[in-house]
Number of protein chains: 2
Amino acid sequence: MNIGCIGLGKMGEALAYRACMAGHTVWAFDEDEKKTKAVMQHGAKPCNSIEQLMAECSIIWLMVPAGKIVDDVLHQLYPYLEDGMTIVDGGNSNYKDTIRRSEELESINVNFIDCGTSGGVSGREKGFSLMIGGKEEVYKSLIGLFHAFAAPNGFCYIGPSGSGHYVKMVHNGVEYALLQSYAEGMHLLHDGYFKDLNLTEIAQVWQNGSAIRSWIGELLQEVLAAKPDFENIPGGIGENSTGAWTQEEGKERNVKTPMLDEALAIRSWSRETGGNISTKLVALLRKRFGGHQLLEK
Amino acid sequence: MNIGCIGLGKMGEALAYRACMAGHTVWAFDEDEKKTKAVMQHGAKPCNSIEQLMAECSIIWLMVPAGKIVDDVLHQLYPYLEDGMTIVDGGNSNYKDTIRRSEELESINVNFIDCGTSGGVSGREKGFSLMIGGKEEVYKSLIGLFHAFAAPNGFCYIGPSGSGHYVKMVHNGVEYALLQSYAEGMHLLHDGYFKDLNLTEIAQVWQNGSAIRSWIGELLQEVLAAKPDFENIPGGIGENSTGAWTQEEGKERNVKTPMLDEALAIRSWSRETGGNISTKLVALLRKRFGGHQLLEK
């Protein structure tokens, strides 16, 4: 297929890379010219402008930060949109924005698909998990691209516009709680009754046969194996908006979310105070899986 | 090696089975004669009494419920104990009890090893994760048995007596928080903005490429695929003592455990009120991985 990728950060670059490797024709644009040039090595065709990209493609995949930037980019695309074109938003947009955008675009006969994307930087090689919303026939027309981008069995059609981003939002809320849960346990082992436990070996044995084995556990083992100097690691945990949105959604739907509430509260506390061993571990895990830099002290 | 297994419940039976399969000679005893007879099919040698078992073995592996029962069984073993014998406690004993028992037994030249065991009922085929405390030279003498019982790379020496049970206790605290975190997310998807989402497919796509893929996630998918009738499932979540012990330990060591605190609080609330979708899911997950029966309504 012929696809235009706009936004070539960590996730956009991975999309362009995987689509090229799967034999699709990829046209690529980023405001940062260096990033546009970098994907040439995979065989993608660099574009100097959105105009050039739109002349070549009728399927556009956005991988840009959520919020106003998505609207800005869509605004730039409007002059070039034609009946039957398809735009995919692969970022972490708020589902309410997605519903609004899909209505606007569908009113001019342009298809809009929301694609929640999980997997972090290692998804570039292993493939991602894709949660996809929008019209089902449009979803079906893109299956070749989802195959290229996803891990085996790693994509599914969720439902109407916004539902892909909605499920990804809740996924992120779960992720916040999982990260804090592992980190809390390791903090207790670090400061507990038995001194100088080998946390790396413990993380490893938890990965082999135990009830709590997981991908986060694998990263935990790797983070600990690097022997972090806890004294000097900044303990503030950054975040995007998806955790807070999930919390709001819980309130709106009258669903208790105590685990997420605590995970968010400790992130906020960590940024004010510099945190503790558990928040330092979460910050290191976020860096490891998502490439999120540690916050300045 | 020649080993005596006392306690042939779900975990003890799995121990006897795996030790037999690995070619060890297994002498087995349970107060329930049916259970003793059942392990004969694996090639284990049934014993009618502790006296008979103790005449055959110098290594005894206990798989009995934590607490007074462990002391009662040890009391029954005392008349037959001889210099250099080894007792392994594979259950969820409190580490303080383990330290006391190891001191008592080592004062009469009997070795005592604590072996925290994770993996649930499916560990019988896949092998378990073992967290092992006690004297290192005694640990080394038992490595052949640990290999038989553990998943590949699924055992490690933690440290002095009690440390194996300590790490298993904290592991369980993490597990409580993880279970509740997944269940909370699914509850929100069940009752959220989008109606009738296919939760089984969502759980599946989260298992393939996403940041939150895990063994608990695999079980979640299985539990949801069975189309639970949430209306009629009792929502109280049972527990053993390890979660509460971990919480106490956090207080004693001045380590915050907000995630575990919430997971315990909602379990307690679930038993009083009948819970909600999230607690019903946790109850189903516990049944699926540990064979824990649902609580009566």
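These figures come from a predicted structure and were not determined experimentally. (Residues numbered from 1 in each chain as written. Chains lettered and ligands numbered in written order. Predicted model: local features only at pLDDT ≥ 70, side-chain atom pairs only at ≥ 80, totals over all residues. Heavy atoms only, no water.)

## Here's the deal with the domain arrangement of chain A
Residues and elements named next belong to chain A.
Logical step 1: Parsing chain A into structural domains produces domain 1 (2-161) and domain 2 (168-290).
Logical step 2: For domain 1 and domain 2, the distance between their C-alpha centroids amounts to 30 Å.
Logical step 3: Across the boundary between the two partners, domain 1 contributes 15 residues, which contact 15 residues of domain 2.
Logical step 4: Summed over both partners, the interface of domain 1 with domain 2 comes to about 1000 Å²; 50% of that surface belongs to carbon and sulfur atoms.
Logical step 5: For domain 1, the biggest contributors to the area lost against domain 2 are N92, N94 and Y95; these three give 39% of the whole.
Logical step 6: Run the count over domain 1 and domain 2 and you get one salt bridge.
Logical step 7: For the salt bridge of E252 with K96, the shortest nitrogen-to-oxygen distance reads 3.6 Å.
Logical step 8: Applying the counting rule to domain 1 against domain 2 returns five residue pairs in polar contact (both at pLDDT 80 or more).
Logical step 9: When residues of the side of domain 1 that touches domain 2 are traced back to their parent elements, those giving at least two are α5 (95-106) and β6 (111-118).
Logical step 10: Considering every element that reaches the side of domain 1 that touches domain 2, the biggest residue donor is β6, with three residues. (Domains from an automatic or database assignment. Contact = heavy atoms within 4.5 Å. Buried area = accessible area lost by both parts, 1.4 Å probe. Salt bridge = Lys/Arg side-chain N within 4 Å of Asp/Glu carboxyl O. Polar contact = N/O pair within 3.5 Å; in protein donor to acceptor, adjacent residues only side chain to side chain. Helix = DSSP H or I, 4+ residues; strand = E, 2+ residues; numbered from the N terminus.)

## Some thoughts on the relation of the copies chain A and chain B
Logical step 1: For the pair chain A and chain B, the best superposition has an RMSD of 0.0 Å and corresponds to a rotation of 180 degrees with a translation of 0.0 Å parallel to the axis. What we have between these two chains is a two-fold relation. Judged by C-alpha distance, S214 of chain A is the residue of chain A that lies nearest the rotation axis, at 1.9 Å.
Logical step 2: The overlap is high: 100% of the interface residues of chain A also sit at the interface in chain B, so the same surface is used on both sides. (Least-squares fit on C-alpha atoms with pLDDT ≥ 70 in both.)

## Notes on the interface of chain A and chain B
Logical step 1: Taken together, the 72 residues of chain A in the interface contact 72 residues of chain B.
Logical step 2: When chain A packs against chain B, the two sides together hide about 6000 Å² of surface, and 73% of this comes from carbon and sulfur.
Logical step 3: Residue assignment for the side of chain A that touches chain B shows that the elements contributing at least two residues are α5, β7 (128-133), β8 (150-159), α9 (163-191), α10 (199-207), α11 (215-225), α12 (242-253) and α13 (258-273) of chain A.
Logical step 4: The element best represented in the side of chain A that touches chain B is α9 of chain A, accounting for 18 residues.

## A short note on the sheet that holds strand β1 (residues 2-6) of chain B
Logical step 1: Spatial ordering of the open sheet is given by β3-β2-β1-β4-β5-β6-β7-β8 (chain B), a layout of eight strands whose pairing is mixed. Looking at which strands have only one partner, the edges of the open sheet turn out to be β3 (45-46) and β8 (150-159) of chain B.
Logical step 2: Relative to strand β2 (residues 25-29) of chain B, β1 of chain B runs parallel, the two being bridged by five bridges. From the neighbouring strand, G4 of chain B faces β2 of chain B, where its bridge partner is W27 of chain B.
Logical step 3: Here α10 of chain A sits on the sheet and contacts β7 (128-133) and β8 of chain B; the angle it forms with β8 of chain B, its principal contact strand, is near 150 degrees.
Logical step 4: On the sheet, helix α9 (residues 163-191) of chain B packs against β5 (86-89), β6 (111-118), β7 and β8 of chain B and is oriented at approximately 15 degrees with respect to β6 of chain B. (Pairing = 2+ DSSP bridges. Axes fitted to C-alpha atoms, helices over the stretch in contact; angles between N-to-C directions.)

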